[in-house]
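Residue-level structural notes
So you can see what is in the structure, the chains are spelled out below.
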Amino acid sequence: MPDPAAPAVSGAHGARPLPDHVSAASLIAARDRDQVRVLVVDSEEGMREGIRRILERRGCLVRGAADGETALRVFSECPADVALVPLSGAGMDGAVLTEQLLRRSGNRTVVVITSARASVEAAVEVTRQGAFDFLVKPFSPETLVYAVEHAAQEGRLIREREKYLSELAGERTLSRQLINSMHEGVVVFNIRREPVLMNPRAEHFLGTHFREGMALSDLFPDLDAAAAVEAVLESAHARPECRLVPLAAGERRLQCSISPLLRDGEPGGVIVILRDITDTWKAEQDKNRFVSMVAHELKSPLSAIINYLNVILTGMFDDNPAKIREMLERCKVRGEALLELVRDLLYINSRDVGKVDRTIEPLDLSAVLASQVEFFKVQADKRRIALSLESPPGPCMVKADRGDLDRIFMNLISNGIKYNRDRGSLRLRITEAGPDWQVAVTDTGIGMSEAEQASLFQEFYRVKSHKTSGITGTGLGLATVRRVLAGYNGQVTVQSRPDAGSTFNVVFPRETA
Amino acid sequence: MARILIVDDDLDLLEGQKLFLEKKGYVVHTALTIEDGLARALESAPDVIIADLMMEHYDSGFVFCKKVRELPGLAKVPILMQTAAPRKMGFTFDASSAPGREWMKVDEVLTKPVPLEHLLGKIEQYLSTKARDA
């Protein structure tokens, strides 16, 4: 870079005037070629010319200005990467011109102060005003070139940093938007266990608003979650791991996934991701309850059967074969009911997992019910129960699966017989009700209190009283009726009074095609 | 002869246990509901009560036991609870500890189906304790 051929620049009088007005187009082109654009401000034309020659030889694009005013005008037309500004003597104070140039360039132009007065105080002063470097006149070409290149390098760094910062700001905005739009709650704690970030979802889940100076215990009064945060913080150094902890937040059930936040491999805090698992949790609870109920319902008849068998096996009734037969008959009844329960359970399960083959087709409800009535006739006759069906003239069309219709009405008719009195009646009546068919199944049986009706359509609910004690049932019939009907936007309700009988009303959408 | 009251909503279980215990020489009363059970307890003054846990409701047995203890002369009657409820239903049936017994008002919790000899053994055990205390 040193140029031994070049004379020292000390206000040399050049042969050629410095072209103060290089075209703007060439300057912009210079920028594109990564050429350094230099603005030389000096009242001495010879000085400007000397500097121009040296810098142009280095590939710079140089413009000159004799005074501060001209410099600002030239600069506003074509900005420079580097400006050489005299400390004084250009009709404007060097510090003022520096400040102006920096302001107009948005701090992108790098200013190098030139001065014959080499005082430290002056250098400090202009540097404080924003100048980057200080060149003492007279300076050698090498010193000049070095200073300009150094300044140009600084300019490039400034631009790169700006670009980087703007990209970073953009990314920050993007990450913040991402975090805020997440379906999961996000909370970040620093190493001092203080929350430093919370997205709106986390605020919603935890029922609180983020504010400075919050503590871990403010967010997680739940000891397990707080302890897990602590544990992750403490073990982050040895083995960064993610912990999963359930958290109850009011009615909601959350799953916290807690992982360490590492900065350069060092623990810097923890990131807590909160996921709403209320629905799966509730489903799990329901499933557990159902399984427990099933276990109970399976064990009850088995206990009764085994108990009878044990009594028989003691031999204490060997002299009373009629009693033994009676007990065996009951074992058979209970065993059959158990089998029915298992069938119902399997049906419910296969229906839930969509394994039941269903064919939705136009069906005549009155024909379906007529065949049901026919089927139950023998059973009803045994107890002298009058079974009848009334339906409007013409077919009562519905769109349904035959198996589903059978299941709905078999359950209701079978109940109507089981819970009826001998010589009673069971009446099925189809009527038109707006867009639906209504089927009323009316018995003359034991009826139910309002409390008994309330739980009637729940799984395993059976009305239990001395009046029902000999009647077997799975406790799944009416629950299944309700479930199957729900699949057709239909519904079932009950009207009943103790000892006065019950009417089950089924509402099923009419097929209007 | 010692009097036993069995309260259970399963008619067949009642019948089987009644047949067995009657053959063993006990006077057995049965009831299908809490209400009926309380009436029977009051009129028959049983020496031992055997009650089911899940009757009309999942905790009917506990309610029944609590109410029995309030009846005149029955504050200390031995109550054996039998249940088909699986353990994970949410209760911890621990009748072996004093606080557990106090809370449940129950002396013993038996899991259905209770073997007949086991049931008989328990009844005899409580009857002899009762006789010794008297």
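Placed above this text is the structure.
Here is a short report on the structure shown in this document.

About the thresholds
- Residues numbered from 1 in each chain as written.
- Chains lettered and ligands numbered in written order.
- Predicted model: local features only at pLDDT ≥ 70, side-chain atom pairs only at ≥ 80, totals over all residues.
- Core = buried A, V, L, I, M, F, W, Y, C linked by C-beta atoms within 7 Å.
- Buried ≥ 20, exposed ≤ 12 C-beta atoms within 10 Å, placed from the backbone.
- Helix = DSSP H or I, 4+ residues; strand = E, 2+ residues; numbered from the N terminus.
- Contact = placed C-beta atoms within 7 Å.
- Pairing = 2+ DSSP bridges.
- Axes fitted to C-alpha atoms, helices over the stretch in contact; angles between N-to-C directions.
- Expected span 1.5 Å × (residues − 1).
- Arc of directions from axis to C-beta.

1. Some points on the nonpolar core
- Membership of the largest hydrophobic core comes to 44 residues, with the highest contact counts inside it found for Ile4(B), Ile49(B), Ala51(B) and Ile79(B).
- It is helix α10 (residues 278-313) of chain A that contributes the most residues to this core, six residues altogether.
- With residues near it in sequence (within four places) discarded, Ile4(B) still touches Leu21(B), Tyr26(B), Val28(B), Pro46(B), Asp47(B), Val48(B), Ile50(B) and Ile123(B).

2. A closer look at the sheet that holds strand β15 (residues 436-443) of chain A
All names here are of chain A.
- Strand order in this open sheet of five strands is β12-β14-β15-β17-β16, and the pairing throughout is mixed. Looking at which strands have only one partner, the edges of the open sheet turn out to be β12 (386-390) and β16 (491-497). Mean inter-strand twist for the sheet, computed between neighbouring axes without regard to direction, equals 15°.
- Examined bridge by bridge, β15 and strand β17 (residues 501-509) share seven bridges and lie antiparallel to one another. Residue pairing across strands places Thr-442 opposite Thr-503, the latter belonging to β17.
- The strands touched by helix α12 (residues 365-382) within the sheet are β12, β14 (425-433), β15 and β17, with β12 carrying the most contacts at an inclination of about 175°.

3. Concerning helix α5 (residues 116-133) of chain B
- Here α5(B) is 18 residues long and its end C-alpha atoms lie 26 Å apart, about the 26 Å a rise of 1.5 Å per residue gives.
- Among the residues of α5(B), Leu116(B), Leu119(B), Ile123(B) and Tyr126(B) are the ones counted as buried. Projected onto a plane normal to the axis of α5(B), the buried residues spread over an arc of 105° and lie on a single side. What points out from α5(B), more than 90 degrees from its buried face, is the exposed set Glu117(B), His118(B), Gly121(B), Ser128(B), Thr129(B) and Arg132(B).
- For α5(B), the secondary structure elements touched by its buried residues are α10 of chain A together with β1 (3-7), α1 (11-23) and β3 (48-52) of chain B.

4. Structural notes on the environment of Thr70(A)
All names here are of chain A.
- In this fold, Thr-70 is placed in helix α3 (residues 68-77).
- Of the residues examined, Thr-70 has 16 C-beta atoms within 10 Å and is grouped as partly exposed.
- Distance from Thr-70 to Val-41, taken between C-alpha atoms, is 8.7 Å for residues 29 residues apart in sequence.

5. Quick word on the sheet that holds strand β10 (residues 266-276) of chain A
Residue and element names in this part refer to chain A.
- Strands sit in the order β7-β6-β10-β9-β8 across an open sheet of five strands; the sheet is antiparallel. Unpaired on one side and paired on the other, β7 (195-198) and β8 (243-249) mark the two borders of the sheet. The average angle at which neighbouring strand axes cross in this sheet is 25°, direction not considered.
- Note that strand β6 (residues 185-190) and β7 share three bridges and pair antiparallel. Bridge pairing in β7 links Val-187 to Met-198.

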